[in-house]
Amino acid sequence: MLGTVLLLLALAKSAYLSQASVASRRAEALKKLLEVFGMEDPPAPPAHFKQPPQYMVDLFNTVANADGVTKNPDILEGNTVRSFLDKTLSEEMRFLFVLSSVAKNEKILTAELHLFRLWPRVTDGPKRHHFCQVSVYQVLEKDKLDTPGGKKLLAARLVSLQTSGWEVFAITPAVRDWTQDESSNQGVLVTVQGLGGSPLDSPPLQFASGRGHHESKKPMLVLFTDDGRRGASLPTAGFPGASYMPGTTPSLGRSRSTRSLDRLQPCQRHPLSVDFEEIGWSGWIISPRGYNAFHCKGSCPFPLGENMRPTNHATVQSIINALKLSEGVSSPCCVPDKLYSINLLYFDDDENVVLKQYDDMVAGSCGCH
């Protein structure tokens, strides 16, 4: 995947073609680059300034460094996290999330309902409660919620009335139903009862709704999914440290003497910046602004030292080439021998915030192979 990115960046920035040809090849290169990121077209930027959910920003910062390079590949379950805000915009405890942006090939691993618990109402007297029972139901028939067949219990637990903050409920079975049959999505219903399920005249606990509360506290559905994409079989790991290096772009059309000098340099890793603003994607990508993909360049002369990280096959090939034991055998090539993944936090076409991890996007180290 990294090699594809390098080629596409070179095509997109070539200055030695006619203007019309440059525009055509740039468009073709950017279309191929979108395919690397699993998209047919770039999402439209939000119509108005929109703040991404803090949960998604915090998750990105936990998974990736400032350049988007994965710090620990084992943190995420799957390679995609999608967030959806409630679309009912009502003050009732019934929430609806539109999941049309979930691809058919995405496997739903975990689905979480995030609700912000407001400070409890102050109650006096002997009936003051310290806990209440919160139940989350999948709505089966919205006009028959009071009947046994109108809803299905998804989660229930006791919640303290002493604090405020986020509560998370697992509702994976319901979301799997909705993604298999979109027409079955009638939302979820949340009820608040006393201990043991006893009714409360005036529930002391309330959750922030889609209307009348700050954007940062709105009900949210978070999906952890996997779209089945996998990279090459090269070793992958958490990146020990990366820095975005603006202005470090591929050098095209270099002199013959410079290219000859490159061949004399030993195989090593060199910077290669990918700037999303320069590409024209900064309107929908939240983070990072760009990343350092790095590329491998240099010679693999005989004899290969350990610092060139040669494979046994490369060592044998180097010997055969040096001794001219077989015609047509070239010297080993300087290529990535460790690759890292990157993460993008972005707005999709429905202005939902998505965190997606892409394998094999950064050359971690180079070797003679």
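Within every chain, residues take consecutive numbers counted from 1 along the sequence as written. Confidence filtering applies because this is a predicted model: local features only for residues at pLDDT of at least 70, side-chain atom pairs given and counted only at 80 or more, and all residues used for totals across whole chains, interfaces and linings. Calculated side-chain values reflect all of the structure's heavy atoms, with hydrogen atoms and water omitted.

## Digging into a negative patch on the surface
Okay, so step 1: There is a patch of like negative charges on the surface, built from Glu 40, Asp 41, Asp 349 and Asp 350.
Okay, so step 2: Its location among the elements puts Asp 350 in the loop between strand E14 (334-347) and strand E15 (353-368). Each patch is built from salt-bridge-free residues with over 30% relative accessible area, joining like charges within 9 Å and nonpolar side chains (Val, Leu, Ile, Met, Phe, Trp, Tyr) within 5 Å. Computed by Shrake-Rupley with a 1.4 Å probe, the accessible areas treat only the displayed protein chains as cover when residues are assessed. What counts as a salt bridge is simple: a side-chain nitrogen of Lys or Arg found within 4 Å of a carboxyl oxygen of Asp or Glu. Positive residues here are Lys and Arg, negative ones are Asp and Glu, while His and the chain termini are left out of the count. Where a charge lies is defined by one atom per residue type: Lys uses NZ, Arg uses CZ, Asp uses CG and Glu uses CD. Here a strand is any run of E in DSSP of at least two residues, a helix any run of H or I of at least four, and the numbering for each starts at the N terminus.

## Remarks on the pattern of salt bridges
Okay, so step 1: If you walk through the whole model with that rule in mind, you get ten salt bridges.
Okay, so step 2: Between Asp 227 and Lys 356 there is a salt bridge, with the nearest N and O atoms lying 3.1 Å from each other. With Asp 227 in the loop between strand E8 (220-226) and helix H5 (256-264) and Lys 356 in strand E15, this residue pair connects regions lying 129 residues apart in the sequence.
Okay, so step 3: Exposure remark for Asp 227: the relative accessible area of 13% places this residue in the buried category.
Okay, so step 4: Several salt bridges share partner residues, and in doing so they unite Arg 82, Glu 106 and Asp 348 into one network. With a 1.4 Å probe rolled over the protein chains alone, any residue whose accessible area is under 20% of its type maximum counts as buried; one over 50% counts as exposed, and the rest are partly exposed.

## As for the side chain of Asn 352
Okay, so step 1: Examined against the element boundaries, Asn 352 turns out to sit in the loop between E14 and E15.
Okay, so step 2: Non-local contacts of Asn 352, meaning those with residues more than four positions away in its chain, are made with Ser 83, Phe 84, Leu 85, Ser 101, Tyr 346 and Phe 347. Here a residue-residue contact requires only that any non-hydrogen atoms of the pair lie within 4.5 Å.

## Considerations on the environment of Glu 306
Okay, so step 1: Within the secondary structure layout, Glu 306 lies in the loop between strand E13 (295-297) and helix H7 (312-322).
Okay, so step 2: Measuring from C-alpha to C-alpha, the distance between Glu 306 and Cys 368 comes to 9.9 Å, with 62 residues separating the pair along the chain.

## Things to note about unusual backbone geometry
Okay, so step 1: Cis geometry marks the peptide bond from Ser 287 to Pro 288, where omega comes out at 0°.
Okay, so step 2: Within the secondary structure, Pro 288 is located in the loop between strand E11 (285-287) and strand E12 (290-292).
Okay, so step 3: The backbone of Glu 351 sits at a positive phi, close to 65°, despite the residue not being glycine.

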